[in-house]
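This is what each chain is made of:
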Amino acid sequence: MRPKPLPNLLSIFPRHLFITSLLLIQLSTLTSSQPMNFKVGFIYDPNSPVGMIAKTTIPMALDDFYTAHPNSNNRVSLVTRPSPGGDIITSASAALELIMNEKVHAILGPGTSPESAFVAELGTKAKVPIVSPSASSPSVSHSESPYFIRAAANDITQAHAITALVKAFGWRRVVPVYQDDEYGASLIPYLVDELHGVEAQIPYRQPIATSANTVDIKAILTKLQNEQTRVFIMHMRVPLATKVINMANSVGMMSDGYVWILTDGLTSQLSWIHANTQPGSIEGVLGLTNYYNMTNKLRNFRNRWTRQFLKDHPHADSAVSHDINRYVIWAYNAAWALAMAAEHMKQIDNQFVNATNGSTDLSSMGVSTTGEEFLHAILNTTFDEPLGVLFKLVNGELNLSLFRIVNVNGDKDRPIGYYTPSHGLSKTWPAESNASYSTSRNNLGPVIWPSESTVQPKGWVKLTVSKKLRIAVPWPLQGYEVFLDMETDNITNQTTATGFVIDMFEEAVAKLPYALPFEYVQVRHVKYDNLVKMVGNGTYDAMVADTTITYNRSLVADFTLPYTTTGLSMLVLVRNEQSKNVWLFLKPLKPDLWLGILALFVFTGAVIWALEHRINDEFRGPPTNQLGTVFYFSFSTLVFSHRETIISNLSRFVIIIWIFVVFILQASYTANLTSMLTVQRLTSNIDELLTSKGKIAYQTNPITKDFLLRMQFDESRLLAFNKPYSFAEPLMWNHTIDAIVDETPYLQVFQSKYCNNLKIINLPYKTNGFGFVFPKGSPLVTDLSRAILNLTEGDTSTRITEKWFGEPLSCPNKDSHSSEILDIVSFWGLFLITGVTSMFCCLIQLAMFVKQNRHHICFTSINSFKSSLFSVARIYDEKDLSSHTFRKTQESSSNSSQLGPPMSISNNERQFSTEQISPVTNEADMHGNAGNEPQIM
């Protein structure tokens, strides 16, 4: 019998019970691998643009991170707490609740710098990292609050960019208009320091309260409108900025002539400003913002972010939703950094040591056990994904220093340049690697200013009502009205100042980058030293006069740079007289030039003899006659009276060059001798004045008198005068005074009337020039000094000088008879030309002679060299019968022989003729004639 089979196990349990068991096992497995929640608090303002951006961006960033990292162990879980209106108390309360009740590992936010400063203190006390993607104010920092992390740029970095922009356009005065809280006021000290570094002033600052209404804002803007500065830097949050912009537009402060510069926080939210202001309200303003290169990843993210933003905030303006600004990038990267740092955390369970449950006392908050580890994890996090924007913390904050400068036109922001700390301003980014730091206006693109103007605003206007500077002007000195003169209208009693000094001052004021209202105050019977002291003690605001800058005066007041140079000079009488020196005719030329000319005359005569001797009968004959011909011919060319006929073309060429040289020498000698015969001679010089007993006149001036006394002049010889023309007769006609000593500009005025009789001699004493006087520490000194430099470097100063003193101040003919003794260096070029020409022609003549007599010239041995030279000399001394001059003579003789009986030549005559032209061919003949040296015929 077969045994029964065992029953099936599956038949024992119901089918549904088996399936339930499998599901329980799978659920247990999933539960064991589920990531742990990592709590992070999130505080934001739901009504602010920054809060709305963060509300959309941070959850998107976390979703993107965990989509890209599905196997994450620690998943960040946001615990959201709103803080409407950015209220500090509300934010602090939310942070305290998140720390004590929710036990969060970190807090994202809050949105503003004042909130972040308070919450950062709580985070530092509880050792909970506070990561803010929007707090850019330097009032809160990682160095002061170690658990505060700025996932944003520091506003200090934009102070450098704003300063470079101000310097590029040359604005000397700017006014910051800022929100009167920690966010707005904290940037101003850094901005002021930077602007002072480029010599730009901040005459006043204008804070505006966060709660200011339209009436308050209008009153503030009206006050600014009544001031002269027209360059404003706006640093505030968007809600207050929209109020200010609307009111500025209504009162006419967004029109031609005004300059508005928006800081990074406003420029990055231009779309929000456009959406909440009147159309065209910010037309023509400048702005700068952190620049991010629009990568493909960032461009793709913008489309997703726009859809999500409109979904989260359906009532937001559509233009706002398309604006990917710096706050979007900062919030996204901050959330991504927290998620990455959470992955490196080993301890997940956050405990607060020494905490008291249920208590709201700050002292019972406790200390987080994970805070320090999480802080270091965040600080060491670096990435450039997924937006293609680098995230790297340096000293607890983002190191962002690249700015884009924009010009707002319509509803668009048009880039006009970029700023980097290494290159300054540049039209393109990146800047050329070899470019140096620059703040030049040429490195920016064209700007369309408010009211669609293309003319750069000057940055200031003249004030309609203002306290004018009281400028002291001393009563003019009689005779020197060209320097300074005062006229008073008898009807209006208004004083008008004229003269060279006044024109220089008013031209300098016109070149200032701001208006300078002033009025002249006439001062009588006060010495210049005392008037300078009155400016120094505040009696007058300035002094405009021909005031000499001295050390003693500079101790009580400040001087601008001199607008004209001065120094002491001596005015003396001059007379014309011919010298009685019998050897004056030798003075025009130095001895070396005389010797050079003599040598050149002899050399040229010898060259002409060498070129003409063999072919020209006028250069032949007895030796004494030929020597006389050489000297006579060369020296007769000095007066162009030579009578010898020149036959050789080489000689003619030499003569042409030589006559040109002679003409130059003769003209130079004649001109210099004439100048010496007519030169003006001074009646006195400083050394003669010291040894003489004559009187010395000087203008009533302690500077001049002190100099004369230091020069050892006896005080009894010094005569003071007040009127410039009072010494004309004693000096020029009565000769009771020998000279006048005064500052050069004054003597030039007097000399211009007596040009042919007086001469100015500079003395070894220089003064510092004329300058304008201001009280000690006056800021106008620097500005006017720079304006004076602008005048003196251009043609304005020359034009003013010619207007008052004529053209030129000095006498035009006072140096017309000056002369200088000529030396050989002055004519070295001429001597070289004629010498080279003569040598060249001699070489040509020698080459032709050697070629013609090459069969008769022979040097057989060293011992016969002297005899050979004598033989060559004898040949050279003979006539060149082949020359065309002698051929003509022979032809004439043959023609005459055809008319008469034929002549017979005896053997003796033929023999003589042959010997006369035949060279000596053997040594015996040479020794036979050795005693008979060749005779020059």
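### Focus: the sheet that holds strand β31 (residues 770-774)
Read across the sheet, 5 strands follow the order β22-β19-β23-β31-β24 without closing on themselves; strand pairing throughout is mixed. A single partner strand is all that each edge strand has here, and the edge strands are β22 (518-523) and β24 (558-559). Here strand β23 (residues 542-548) runs beside β31; their pairing, made up of 3 bridges, is antiparallel. Pairing of T548 across the sheet is with F770, part of β31.

### Points about the side chain of D155
Assignment of secondary structure puts D155 in the loop between β5 (148-150) and α6 (156-169). Among buried Asp, Glu, Lys and Arg side chains, D155 stands out as unpaired, with R326 the closest opposite charge at 4.7 Å. In terms of polar contacts, D155 uses its side chain to reach the side chain of Q158, at 3.0 Å. Beyond its immediate stretch of four places on either side in the chain, D155 contacts S136, S137, P138, Y183, L187 and H235.

### Considerations on the packing of aromatic side chains
Tallying each qualifying case throughout the model produces 29 aromatic pairs. With a centroid separation of 5.1 Å and an interplanar angle of 15 degrees, the aromatic rings of F42 and Y44 are classed as stacked. Across the pair, Y44 and F42 agree in class, each one buried. Here the aromatic rings of F65 and Y66 are separated by 5.1 Å at their centres, their planes lie at 90 degrees, and the arrangement is edge-to-face. In this structure F65 comes out as buried when scored by relative accessible area, which is 2%. According to the relative accessible area criterion, Y66 is buried, its value standing at 7%. Connected via pairs of aromatic rings, a cluster forms that spans F483, F500, F505, F518, Y520, Y563, Y746, F770 and F772. One residue, R75, lies across the ring of Y66, its end atom 4.3 Å from the ring centre. It is R524 that lies over the ring of W475; its NZ or CZ is 3.6 Å from the centre.

### Structural notes on the nonpolar core
Judged by nonpolar contacts, the single largest core of 88 residues is most densely connected at I208, L221, M234, M236, M253, W260 and F374. Top contributing element to this core by residue count: helix α15 (residues 326-343), with 14 residues. Apart from residues no more than four positions distant in its own chain, M236 is found in contact with V177, Y178, Q179, Y183, I208, A241, V244 and L266. The next biggest cluster of nonpolar side chains, apart from the first, holds 61 residues, and it includes L469, Y514, L571 and L784.

### What about the environment of V394?
By secondary structure assignment, the location of V394 is in strand β14 (residues 391-394). Since its relative accessible area comes to 36%, V394 is described here as partly exposed. With 244 residues separating them in the primary sequence, V394 and R150 have C-alpha atoms 9.7 Å apart.

### Quick notes on a nonpolar patch on the surface
Together, L598, V602, L627, F631 and F635 give the surface a local cluster of nonpolar side chains, amounting to about 410 Å² of exposed area. Elements represented by at least two residues in the nonpolar patch include exactly α20 (591-612) and α21 (623-636). The element that contributes the greatest number of residues to the nonpolar patch is α21, accounting for 3 residues.

### Digging into the side chain of Q158
Turning to its location among the elements, Q158 is positioned in helix α6. Apart from residues no more than four positions distant in its own chain, Q158 is found in contact with L187, H235, T263, D264, L288 and F403.

### A few points about the pairing of β31
Summarising burial for β31: 5 of the 5 residues are buried, a large majority. Sheet topology note: the β24/β31 ladder contains 2 bridges and is antiparallel. Within β31, the position partnered with F559 by the bridge is V773.

### Overview of the pairing of strand β6 (residues 175-179)
Regular strands show a simple pattern: their side chains alternate between the two faces of the sheet. In terms of residue burial, β6 counts as a mostly covered element, since 5 of its 5 residues are buried. Burial along β6 is two-sided: the residues V175, V177 and Q179 and P176 and Y178 are all buried. Bridge analysis of β6 against strand β8 (residues 231-235) gives 4 bridges, and the strand direction is parallel. Within the sheet, the bridge partner assigned to V175 lies in β8 and is F232. As paired elements, β6 and strand β7 (residues 206-208) share 3 bridges and run parallel to each other. Looking at β7, one finds that Q179 is bridged to I208.

### Remarks on the sheet that holds strand β16 (residues 403-409)
By definition, the strands of a sheet pair up through backbone hydrogen bonds, in either a parallel or an antiparallel sense. The sheet built from 8 strands is open, its strands ordered β7-β6-β8-β9-β10-β16-β17-β18 with mixed pairing. With one partner strand each, in any of the chains shown, β7 and β18 (424-426) form the two edges of the open sheet. Across this sheet, the average inter-strand angle for adjacent strands is 25 degrees, counted without regard to direction. With respect to the sheet, α6 is in contact with β8, β9 (259-262), β10 (286-290), β16, β17 (412-420) and β18, its orientation differing from that of β10 by roughly 150 degrees. Packed on one face of the sheet, helix α9 (residues 214-225) meets β6, β7 and β8 and runs near 170 degrees to β7.

### Some thoughts on the pattern of salt bridges
Once the charged atoms of two side chains with opposite charge are near each other, the side chains can pair. Here the structure, examined in full by the defined rule, presents 15 salt bridges. Here K297 and E385 are joined by a salt bridge, their closest N and O atoms 2.6 Å apart. Note that K297 is positioned in helix α13 (residues 296-312) and E385 in the loop between β13 (382-383) and β14, a separation of 88 residues in sequence. K297 sits in the partly exposed class, given a relative accessible area of 39%.

### Remarks on the environment of T420
Position of T420 relative to the elements: it lies in strand β17. For T420, a relative accessible area of 14% puts it in the buried group. Once the C-alpha coordinates of T420 and F403 are considered, the two residues, 17 residues apart in sequence, prove to be 6.7 Å apart. Excluding anything up to four places from it in sequence, T420 contacts S401, L402 and Y437.

### Looking at the packing of helix α17 (residues 500-510) against helix α28 (residues 796-805)
Look at α17 against α28: their axes get within 10 Å of each other, and the N-to-C directions meet at 155 degrees. In terms of orientation, α17 and α28 fall into the roughly antiparallel class. Along this stretch, α17 crosses α28, giving a crossing that reads as right-handed. Of the residues in α28, those in contact with F500, D503, M504 and E507 of α17 are T796, S797, R799, I800, T801, K803, W804 and F805. A class-by-class count of the residues in the contact of α17 with α28 yields 5 nonpolar, 3 polar and 4 charged.

### Some points on the confidence of the model for the protein chain
Counting all residues, the mean pLDDT for the protein chain is 80, and 78% of those residues have values of 70 or more. Residue range residues 24-32 is modelled with pLDDT below 50. Its contacts to residues more than four positions away, or to other chains, number 0 contacts.

The rules behind these values
Residues numbered from 1 in each chain as written. Predicted model: local features only at pLDDT ≥ 70, side-chain atom pairs only at ≥ 80, totals over all residues. Heavy atoms only, no water. Pairing = 2+ DSSP bridges. Helix = DSSP H or I, 4+ residues; strand = E, 2+ residues; numbered from the N terminus. Buried < 20%, exposed > 50% of the residue type's maximum accessible area, 1.4 Å probe, protein only. Lys, Arg positive; Asp, Glu negative; His and termini not counted. Salt bridge = Lys/Arg side-chain N within 4 Å of Asp/Glu carboxyl O. Polar contact = N/O pair within 3.5 Å; in protein donor to acceptor, adjacent residues only side chain to side chain. Contact = heavy atoms within 4.5 Å. Phe/Tyr/Trp six-rings, centres within 6.5 Å; stacked < 30°, edge-to-face > 60°. Lys NZ or Arg CZ within 6 Å of the ring centre and 35° of its normal. Core = buried A, V, L, I, M, F, W, Y, C linked by side-chain atoms within 4.5 Å. Patch = residues over 30% accessible without salt bridge, like charges linked within 9 Å, V, L, I, M, F, W, Y side chains within 5 Å. Areas by Shrake-Rupley, 256 points an atom, 1.4 Å probe, with all protein chains shown as cover. Axes fitted to C-alpha atoms, helices over the stretch in contact; angles between N-to-C directions. Parallel < 35°, antiparallel > 145°, perpendicular 65-115°, else oblique. Left-handed = near helix turned anticlockwise from the far one by under 90°. Nonpolar A, V, L, I, M, F, W, Y, C, P; charged D, E, K, R; others polar. pLDDT = per-residue confidence, 0-100.

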